[in-house]
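# Inside the fold
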Amino acid sequence: MNNSDHNHKFALTTPLYYVNGVPHIGSAYTTIVADAAARFQRLQGKSVLLITGTDEHGQKIQRTAAEQGLEPQVHCDRIVDSFKSLWDKLNIKYDRFSRTTAPNHQAIVNEFFERVWKQGDIYLDRQQGWYCVSCEEFKEERELIEDHHCAIHTNKPAEWRDEENYFFRLSKYQQQLEELYESQPDFIQPASRRNEVINFVQQGLKDFSISRVNLDWGFPIPTDEKHTIYVWFDALLGYVTALLEPDQKPTLDNALSQWWPIDLHLIGKDILRFHAVYWPAMLASAGLPLPKKVFGHGFLTKDGLKMGKTLGNTIDPFDLVDRYGADAVRYYFLKEIELGKDGDFNETRFINVLNADLANDLGNLLNRTLGMLKKYCQGNTPQLTSENYSSDHPLKSIGMDLGDRVIQASENLQFSQACEEILTLVRSCNKYIDDSAPWSLFKQDKQAEVEEILYAVLESVRLSAYLLSPIIPDLSNKIYQQLGFDWDFNQDERYKAREDFLWHSKWGKLSTNKTLGKAIPIFSKLELPPED
Ligand code: MSP
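Here is a short report on the structure shown in this document. Predicted, not measured: the structure shown is a model, and the values here were computed from it. (Residues numbered from 1 in each chain as written. Predicted model: local features only at pLDDT ≥ 70, side-chain atom pairs only at ≥ 80, totals over all residues. Heavy atoms only, no water.)

Of the regular secondary structure elements, the protein holds 22 helices and 18 strands. The C-alpha atoms of the protein give 26 Å as radius of gyration, which agrees with the globular expectation for 532 residues (24 Å, within 12%). When the backbone C-alpha atoms are referred to their principal axes, the protein occupies close to 90 × 60 × 40 Å. Counting across all 532 residues of the protein, residues that qualify as buried make up 57%. For the protein, restricting intrachain contacts to residue pairs at least 6 apart in sequence, the fraction spanning at least 24 positions comes to 76%. Taken together, the 58 basic and 76 acidic charged side chains of the protein have centroids lying 3 Å from each other. (Helix = DSSP H or I, 4+ residues; strand = E, 2+ residues; numbered from the N terminus. Rg over C-alpha atoms; globule rule 2.2 N^0.38 Å. Buried < 20%, exposed > 50% of the residue type's maximum accessible area, 1.4 Å probe, protein only. Contact = heavy atoms within 4.5 Å. Lys, Arg positive; Asp, Glu negative; His and termini not counted. Charge placed at Lys NZ, Arg CZ, Asp CG, Glu CD.)

Here's what the structure looks like:
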């Protein structure tokens, strides 16, 4: 593949989620962000591969299945269905769903293992230490809290293990990793997370064990069947297996031929070490190119508190979408939380934000403007173009390079900033209408001025809807259709053409002399839930 080819392609991943339970809001958050990132790339005409999936092996899953009296595979299949149904509800357009129990995955894991083995990077040794099954990770004493409980899973004690394990020679890659972070400063983002990783690596890397004994649920170590491959070693390779075309022979060469290296691994901050330290070292050992970027987002809290089953304050993503719709949920998490920072969910704030931005600022704007168009112009879009407006016109001046600014923000995964940029235009439209009062101009027979105002506003709403489409695709569809476009932002073919992007992302493209229909509200105001 040549370089220019790669500029037209973009492969990104969510984590492969554990199937110990139905999806929670944390997984939904990562996936919504990944979907928006993928849609922004598609909008620009790139060929995109969005990978998500499930991490199904290991002790945690084996125990969860056993607690329910189910065979692990039966349990996994059930939970996978619920992940897929949540992604459908949230309008997530993933291209691959990678399951670590998929038949082709084992071949990839084995081939990879053999490469690392031949490199001399795997050896047998004794592993002693505290293991948190919920994290599927050995913990240092200093990382544990009282009674050897895990600091993340505070209700679960870590378990003492003393067993023979195969180890991966992570320590050998210390210098190479340090050079990677130095030479590719955006490999880990945001910068605060990069510093954390650099500090961790500077303390000296220890080899980590990549096999478990007394565990059936996983792949055996190819050279020693008594051992099962450690769930993380297996799971990270799920990103590679995902790249195989359906029915393609599962070899590393095949998997890596089209989309590798991955452009972006989007993950939560809790699993950064695996992606930014272990994973590149494993790939280096196997002689493979490294992914371009790992972005560790922050954690969600509810009403300012850490969420958890113990506190009983989890948010059910299914319930949230059922009550408010996919676009509302997507918008809140993308607009209200700066990606990379921790963010809070509070239902009152959720409702206020949606009412303010989507129902009032955007929805009412479209409504009132279409209403005026009907009344003052018989519903016909005025015969105007961008050239009729000076470059310091209050809306054109913002709209002209809005597309560039929004795309730039989206390339940096700053979706909140992208929304703010767009809302600045939307709010300016409302102010512009209020200031210029087309209703009184109409009474004064100033038809040309009325038309100039209405065209400028409708065009700004169009551009806003276009640029918001990766975030709120259904609402953007409703707006685009009311503005006379036969368009569907959920259909992939629509994203593919670069020319479409270059045309639609500019200010001044509203069709002229088209008769628009009666306004249909795009977003009904939400009611605050009753006090408990
Ligand atoms: N199976 C591993 C990933 C393997 S990737 C090869 C795993 N799975 S997970 O299901 O636990 O991960 C869930 C994702 O949800 C992670 O990105 C994690 O950071 C994220 N979140 C879990 N709780 C969260 C919040 N409270 N807030 C935001 N995201 C959080 O780890």
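Looking now at the site of the ligand. Residues in close proximity to the ligand total 22 residues, the closest being L16, D55, G268, D270 and L300. The separation between a nitrogen atom of the ligand and a polar main-chain atom of L16 is 2.8 Å. One nitrogen or oxygen atom from the main chain of G268 is found 3.0 Å from an oxygen atom belonging to the ligand. Of all the secondary structure elements, the ones that give two or more residues to the shell around the ligand are β1 (9–18), α2 (25–43), α8 (231–236) and β14 (264–268). Among the elements that make up the shell around the ligand, the one with the highest residue count is β1 (four residues). The residue makeup of the shell around the ligand, split by class, is twelve nonpolar, eight polar and two charged. (Near = heavy atom within 4 Å. Polar contact = N/O pair within 3.5 Å; in protein donor to acceptor, adjacent residues only side chain to side chain. Nonpolar A, V, L, I, M, F, W, Y, C, P; charged D, E, K, R; others polar.)

Right, let's get into the pattern of salt bridges. Close approach of charged atoms lets side chains of opposite charge pair. Per the stated rule, a full pass over the model turns up 34 salt bridges. One salt bridge connects R99 with D77, and the closest N-O pair in it is separated by 2.6 Å. Taken together, the positions of R99 in strand β3 (residues 96–99) and D77 in helix α4 (residues 72–89) put the pair 22 residues apart, joining distant regions of the chain. Judged by its relative accessible area of 32%, D77 falls in the partly exposed class. (Salt bridge = Lys/Arg side-chain N within 4 Å of Asp/Glu carboxyl O.)

The next point concerns helix α7 (residues 191–202). Compared with an ideal rise of 1.5 Å per residue, which puts twelve residues at 16 Å, α7 spans 16 Å between its outermost C-alpha atoms and is within 8% of the ideal. Taken together, the buried positions of α7 are occupied by R193, R194, V197 and V201. In a view along the axis of α7, the buried residues occupy a sector of 105 degrees, so they form one face of it. Facing away from the buried surface of α7 by more than 90 degrees, the exposed residues are A191 and Q202. (Expected span 1.5 Å × (residues − 1). Arc of directions from axis to C-beta.)

Now for the packing of α2 against helix α13 (residues 326–336). Direction vectors running N to C along α2 and α13 enclose 85 degrees, while the axes themselves pass 10 Å from each other. With respect to each other, α2 and α13 are oriented roughly perpendicular. From α2, I25, Y29, I32, V33, D35, A36 and R39 reach across to α13, where they touch V329, R330, F333 and L334. For the contact of α2 with α13, the per-class residue count stands at eight nonpolar, no polar and three charged. (Axes fitted to C-alpha atoms, helices over the stretch in contact; angles between N-to-C directions. Parallel < 35°, antiparallel > 145°, perpendicular 65-115°, else oblique.)

Okay, the sheet that holds strand β9 (residues 188–189) next. Note: strands within a sheet are paired through backbone hydrogen bonds, in either parallel or antiparallel orientation. Taken in spatial order, the six strands of this open sheet run β3-β2-β1-β14-β15-β9, and their pairing is parallel. Of all strands in the sheet, those with a lone pairing partner are β3 and β9, marking the two edges. Bridge analysis of β1 against β14 gives two bridges, and the strand direction is parallel. Looking at the pairing, T13 lines up with H265 of β14. (Pairing = 2+ DSSP bridges.)

On to the nonpolar core, then. If you look at soluble globular proteins, the nonpolar side chains tend to sit buried side by side. Judged by nonpolar contacts, the single largest core of 173 residues is most densely connected at F112, F333 and F350. If one sorts the elements of this core by residue count, helix α14 (residues 347–377) sits on top with 14 residues. Discounting chain neighbours no more than four positions away, the residues touching F350 are Y324, A328, V329, Y332, F345 and L526. (Core = buried A, V, L, I, M, F, W, Y, C linked by side-chain atoms within 4.5 Å.)

Take R462: it is sitting in helix α19 (residues 447–468). A relative accessible area of 0% means that R462 is categorised as buried. In this structure the side chain of R462 is engaged in a polar contact, spanning 2.8 Å, whose partner is the side chain of E459. Once you skip the residues sitting within four places of it in the chain, R462 turns out to touch Y480, L483, F485, H504, K506, K509 and L510.

A separate point is the sheet that holds strand β16 (residues 300–302). In spatial order, the strands read β17-β16-β18; together these three strands make up an open sheet with mixed pairing. Single-partner strands in this sheet number two, and they are β17 (305–306) and β18 (343–345). In this sheet, β18 lies alongside β16 in parallel orientation, the contact comprising three bridges. Counterpart to K302 in the pairing with β18 is F345.

Turning to helix α20 (residues 473–482), a few remarks are in order. With seven of ten residues buried, α20 is to be regarded as a mostly interior element. Among all positions in α20, only P473, L475, S476, N477, I479, Y480 and Q482 are buried. One or two positions beyond α20, positive phi appears at G484, with a value near 90 degrees.

Before going further, it helps to spend a moment on the packing of α4 against helix α12 (residues 317–324). Pairs of packed helices are described in terms of their axes, by the angle between the two and the distance that separates them. Running from N to C, α4 and α12 cross one another at 30 degrees; their axes reach a closest spacing of 10 Å. When the axis of α4 is compared with that of α12, the two are roughly parallel. Between α4 and α12 lies a crossing whose hand is left-handed. In this structure, α4 contributes S82, S85, L86 and K89 to the contact, and α12 contributes P317, F318, V321 and D322. (Left-handed = near helix turned anticlockwise from the far one by under 90°.)

Let us now look at unusual backbone geometry. Residue P190 is reached from Q189 by a cis peptide bond, and omega for that bond is -5 degrees. Tracing the sequence through the fold places P190 in the loop between β9 and α7. Put simply, W260 and P261 share a cis peptide bond, and its omega is -5 degrees. When you line up the elements, P261 lands in the loop between α10 (252–256) and β14. The backbone of N91 shows a phi angle near 60 degrees, a positive value even though the residue is not glycine. Along the chain, N91 falls in the loop between α4 and β3. Relative accessible area serves as the criterion here: at 11%, N91 is assigned to the buried category. In this structure, H148 is a non-glycine residue whose phi angle is positive, near 55 degrees. Structurally, the position occupied by H148 is in the loop between β6 (144–145) and β7 (149–150).

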